Amino acid sequence: MNNYKLIIMTDDKQVVLERILQVTRYRGFLINGMTAQVNTGNNIATIELLVSSDRPISLLIDQINKLVDIKSVEVDNSASQLCSA
Amino acid sequence: MNDSKPLTGGGLLFKVLEQHGVEHIFGYPGGAIMPIYDALVDSNVQHFLCRHEQGASFSAVGYARASGKIGVCMATSGPGATNLITGLADALADSIPLVAITGQVPTAAMGSDAFQETDIFGLSLACTKHSFQVTDINDLEKVLHQAFAIALEGRQGPVLVDIPKDIQIAAVEQKFTKASSLKNKVKLPLADITKALDLLTHAKRPILYVGGGVGMANAIDEVRSFAETTGLPSVSTLKGLGALNHTSENYLGMLGMHGTKAANLAVHDCDLLIAVGARFDDRVTGKLDQFAPDAKVIHFDIDAAEINKRRIADAPILGDLKENLPLLTMSLNIEDWQTQIQEMKADCAWRYDHPGDGIFAPAVLKEVSDLMPENTCVTTDVGQHQMWAAQHMSFDDPSDWLTSGSMGTMGFGLPAAIGAQISRPHDTVIVVSGDGSIMMNVQELATIKRYQIPVKIILIDNAKLGMVRQWQDLFFDGRLSETDLSDNPDFVMLATAFDIKAKQITQKGEVTAAIKEMLDHDGAYLLQVKIDAQENVWPLVPPNSANNEMMESA
Ligand SMILES: Cc1ncc(C[n+]2csc(CCOP(=O)(O)OP(=O)(O)O)c2C)c(N)n1
Ligand SMILES: [Mg+2]
């Protein structure tokens, strides 16, 4: 299992959090932790997602990117650890 | 619209539909959508009352696929909304642009387990491209425009808009005078084709592998001219049928589980696979790590998430096919490979000689295909009859071939044909159905009767859930479990009850005359074709096998 930290910027729209969680589960990633905050000034939410999976993280990034309200998805390499468990 | 009445949310819905050129919609009324149905009375949009919301959703899918326009369906809250879900999931899986409107209980009642309240917004997450729930009347107009834009942009798909009853009733003013649309959110990089050009020039045994994305991208001309100029041997997925010129000597037909032997062997042997709007689906690849094992891959797609999802691409080309495919068009030096392909094609040609007086379904479908008028649109249900139709019928355009590809949804054929016929009133529309599948949306015979929709239904009747029976025979030691349908209703009598002309045939000698009678008949027609229950679909790539390990008989 590899662990990754994703930083997701998104418009603060209806159920965007649910959408991200649904895609993450469906595409085969376990959620180990999450923080979410909205900047009320510009209505942009920042979501940090700690996930783990055997699958390449690019698969999840591509799928989250397809969600309509998402602005960007990045992997925080400093906080991600690739280990074999 | 009657201008003396103030505009409501329901009225605004139809104004926006009209702005987007929507002429026909499919639906079923109920309590939580009554204000919208009330507004319908004053609108120019023509509504078709289906007899089940699943029928409405599939008619919208058929409408969209046959015409290239967006399909629109609507339903009430609760059970009406949940009945749409199978159609939405089917549309998502096959990338079909739909807008689905659902009524919802009033905002004040939401979350209280109100009568006919279901969280369709929550349910929509896994079966739509995007969804909205409108809780402020001032958002309605913009949301509706967005729904249309999202359904069409990039990789197409279904969008659901859930509208609570109080929003449908609320007074509102229309702000946008014309249909507004979104810009494509995804900035596609300029395609880097250098690597692809290099791979193509050096390939000795290249194959063009064409999928449903070609039709969706409206890139049929580009793909055909690419195939012709390069002389590439080509194969098609189930959903891609119709995109390539089926009379070309280098075209090998469908690949995959029930593909042609030539297509599967050629792909297995190729050294370069050029995937165009195709996604390496498991029904195509068989055992993935043994699919085209020696091939490099050039992958054209509009959806970044398809690149490297199931097969790493050596040269990914992301973006619009119409623009990108011509960049790779050139003439190639592959005569030896072409000769090999053409020999393989001749060796593996279909045979229609079949012993006995009983009817051979592949021969029937081949004959229908030869006799049907130009621009005929064929829809299918799911099972053996679907695979025989894919193998033995030929299509000039993907919009003439509507089958539930990714979901494989029984019950698709009849309502999809209704939608197709409404979108193309001057073309012949034929449903190839099975005795199991037709019963899944049989209520739509009433829609055919009501609107006098002249679809032709060919019912391949083996008195079995044939495809499942075939698998039980081949892979479960012949232990038959719940696949017998020998107590089917009298289908001729059933059709007659809906004023649909019908006939049953049981002998080879009756086939030609019956097909002609059906095609010549002005109105709807059901031709029940009785076949042997033990017939199997061949060839077949068994589960977990490579595509070159096809079975050709039991
Ligand atoms: C909604 C749905 N339920 C179940 C299935 C599984 N299934 C696939 S083919 C098939 C048999 C279809 O029978 P019929 O329509 O008579 O076609 P045949 O294979 O006999 O030609 C079944 C049950 C399905 N594809 N869709
Ligand atoms: Mg059957």
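In this text the structure is predicted, and so the values were computed from the model without any measurement.

1. Describing unusual backbone geometry
Cis geometry marks the peptide bond from W538 of chain B to P539 of chain B, where omega comes out at -10°. As for its placement among the helices and strands, P539 of chain B is situated in the segment after β18 (525-530). The residue V15 of chain A is not glycine, and still its phi comes out positive at about 50°. Within the fold, V15 of chain A resides in the loop between β1 (2-11) and α1 (16-26). Of note in the backbone geometry, E482 of chain B takes a positive phi value of approximately 60° without being a glycine. If you trace the backbone, E482 of chain B turns up in the loop between α19 (466-475) and α20 (491-497).

2. So, the interface of chain A and chain B
Opposite the 14 residues of chain A that make contact, chain B presents 17 residues. Counting each side, the surface lost to burial between chain A and chain B is near 1300 Å², with a carbon and sulfur contribution of 51%. Scanning the region where chain A abuts chain B turns up 1 salt bridge. Summed over the shared surface of chain A and chain B, the result is 3 residue pairs in polar contact (both at pLDDT 80 or more). Residue assignment for the side of chain A that touches chain B shows that the elements contributing at least two residues are α1 and α2 (57-66) of chain A. The element contributing the most residues to the side of chain A that touches chain B is α2 of chain A, with 5 residues. For the side of chain A that touches chain B, the class distribution of residues is 5 nonpolar, 4 polar and 5 charged.

3. Topic: the packing of aromatic side chains
All names here are of chain B. The tally for this structure, following the rule as stated, stands at 9 aromatic pairs over all chains. On the numbers, 5.6 Å between centres and 25° between planes, the contact of F26 with F48 is stacked. Of this pair, F26 sits in strand β1 (residues 24-27) while F48 is found in strand β2 (residues 46-49), placing the two residues 22 residues apart along the sequence. Like F48, F26 is buried. With centroids separated by 5.2 Å and ring planes inclined at 80°, the aromatic side chains of Y209 and F280 adopt a geometry described as edge-to-face. Here the residue Y209 occupies a position in strand β7 (residues 206-210), and F280 occupies one in the loop between β10 (272-276) and α12 (282-285), the gap between them amounting to 71 residues. Of the residues examined, Y209 reaches a relative accessible area of 0% and is grouped as buried.

4. Topic: the sheet that holds strand β12 (residues 315-318) of chain B
All names here are of chain B. Taken together, 6 strands build an open sheet; the order of strands is β9-β8-β7-β10-β11-β12 and the sheet is parallel. Sheet topology places β9 (251-254) and β12 at the edges, where each strand pairs with a single neighbour. With strand direction ignored, the average angle separating the axes of adjacent strands in the sheet is 15°. Relative to β12, strand β11 (residues 296-301) is paired through 4 bridges, and the arrangement is parallel. Paired with D301 across the strands is L318, a residue of β12.

5. Points about the nonpolar core
Residues and elements named next belong to chain B. Core analysis: the biggest nonpolar cluster contains 88 residues, and L273, I274 and I298 have the highest contact counts within it. Among the domains, domain 2 (190-347) and domain 3 (361-530) are the pair contributing at least three residues each to this core. Those residues in contact with I298, other than ones at most four positions away along the chain, are A196, L199, L272, L273, I274, A275, A315, I317 and L328. F26, C50, F58 and V442 belong to the second-largest nonpolar core, a separate cluster that totals 48 residues.

6. Regarding the environment of P6 of chain B
Among the secondary structure elements, P6 of chain B is positioned in the segment before α1 (9-19). It is 36 Å that separates the C-alpha atoms of P6 of chain B and Q452 of chain B, two residues lying 446 residues apart in sequence.

7. Quick word on the pattern of salt bridges
Opposite charge on two side chains permits them to pair, given that their charged atoms come into close proximity. All names here are of chain B. Evaluated as defined, the whole model comprises 24 salt bridges over all chains. Linking D281 and R279 is a salt bridge whose minimum nitrogen-to-oxygen distance equals 3.6 Å. Judged by its relative accessible area of 24%, R279 is partly exposed. Across the salt bridge formed by E306 and K309, the nearest N and O atoms sit 3.2 Å from each other.

8. Examining the side chain of H145 of chain B
As for its placement among the helices and strands, H145 of chain B is situated in helix α6 (residues 140-152). Within polar-contact distance, the side chain of H145 of chain B engages the side chain of Q19 of chain B at 3.4 Å.

9. Details of the domain arrangement of chain B
Residue and element names in this part refer to chain B. By the assigned domains, chain B splits into domain 1 (9-169), domain 2 (190-347) and domain 3 (361-530). Computed from C-alpha atoms alone, the centre-to-centre distance between domain 1 and domain 3 is 29 Å. Taken together, the contact between domain 1 and domain 3 spans 23 residues of the former and 28 residues of the latter. For the domain 1 and domain 3 pair, buried surface summed over both sides reaches about 2000 Å², with 62% attributable to carbon and sulfur atoms. Taken as a group, R51, R65 and A66 account for 29% of the area that domain 1 buries against domain 3, more than any other trio of residues on that side. Between domain 1 and domain 3 we count 0 salt bridges in total.

10. Side note on helix α16 (residues 384-392) of chain B
By the criterion of burial, α16 of chain B is predominantly enclosed, with 9 of the 9 residues buried. Residues of α16 of chain B that are buried: Q384, H385, Q386, M387, W388, A389, A390, Q391 and H392 of chain B.

11. Looking at the site of ligand 1
All names here are of chain B. Close to ligand 1 lie 17 residues, the nearest being Q384, G408, G436, S437 and G466. Between an oxygen atom of ligand 1 and a side-chain N or O atom of D435, the distance comes to 3.0 Å. Here S437 contributes a side-chain N or O atom positioned 2.7 Å from an oxygen atom of ligand 1. Coverage of ligand 1 by the protein chains reaches 77% of its 590 Å² of free accessible surface. Elements supplying a minimum of two residues to the shell around ligand 1: α16 and α19. With 3 residues, α19 is the largest single contributor of residues to the shell around ligand 1. For the shell around ligand 1, a count of residues per class yields 6 nonpolar, 9 polar and 2 charged.

12. Structural notes on empty space enclosed by the protein
Residue and element names in this part refer to chain B. Overall, the coordinates contain 1 cavity of 30 Å³ or more when judged by the stated rule. The space that makes up the largest cavity amounts to roughly 40 Å³. For the largest cavity, the full set of lining residues is I438, V442, L445, F491, L494, A495 and L526. The element contributing the most residues to the lining of the largest cavity is α20, with 3 residues.

Calculation rules
Residues take numbers from 1 onward in each chain, read along the sequence in its written order. As a convention, the first chain written is A and the first ligand written is 1, with the rest following in written order. Predicted model: local features are reported for residues with pLDDT of at least 70 only, side-chain atom pairs are reported and counted for 80 or more only, and whole-chain, interface and lining totals are derived from all residues. With hydrogens and water stripped out, all remaining heavy atoms of the structure feed into the side-chain values. Helix and strand labels come from DSSP, where a helix needs a run of H or I of at least four residues and a strand needs a run of E of at least two; each type is numbered from the N terminus. Any pair of residues with heavy atoms lying within 4.5 Å of one another is described as a contacting pair. The quantity reported as buried area is the accessible area (1.4 Å probe) lost by two parts once they are put together, taken as the sum for both. A carboxyl oxygen of Asp or Glu within 4 Å of a side-chain nitrogen of Lys or Arg is what we treat as a salt bridge. Distance and chemistry together define a polar contact, namely a pair of N or O atoms within 3.5 Å, with one atom able to donate a hydrogen and the other to accept it when in protein, and with adjacent residues in sequence counting only for side-chain atoms on both sides. When residues are grouped by polarity, Ala, Val, Leu, Ile, Met, Phe, Trp, Tyr, Cys and Pro land in nonpolar, Asp, Glu, Lys and Arg in charged, and all others, Gly among them, in polar. Geometry of aromatic contacts follows a simple scheme: Phe, Tyr and Trp rings, the Trp one being its six-membered ring, pair when their centres are within 6.5 Å, and the pair is stacked under 30 degrees between planes, edge-to-face over 60, tilted otherwise. A 1.4 Å probe rolled over the protein chains alone gives each residue an accessible area, and that area as a share of the maximum for its type sets the label: buried under 20%, exposed over 50%, partly exposed in between. When DSSP finds at least two bridges between two strands, those strands are taken to pair. The axes used here are C-alpha line fits, helices contributing only the stretch in contact, and every angle between their N-to-C directions lies in the interval 0 to 180 degrees. We define a nonpolar core as any set of buried Ala, Val, Leu, Ile, Met, Phe, Trp, Tyr and Cys residues linked to one another through side-chain atoms lying within 4.5 Å. Note that the domain bounds were set by an automatic or database domain assignment. In these notes, residues near a molecule or strand are those with any non-hydrogen atom within 4 Å of it. The Shrake-Rupley method, run with a 1.4 Å probe, gives the accessible areas here. Residue values count only the displayed protein chains as cover. Using protein atoms alone on a 1 Å grid, points that fit a 1.4 Å probe yet trap it form a cavity, whereas open point sets bounded by protein on both sides within 12 Å along at least five of seven lines form a pocket; residues with an atom within 4 Å of a point count as lining. Grid points are joined across faces, edges and corners, and a volume is the space filled by probe spheres set on the points.

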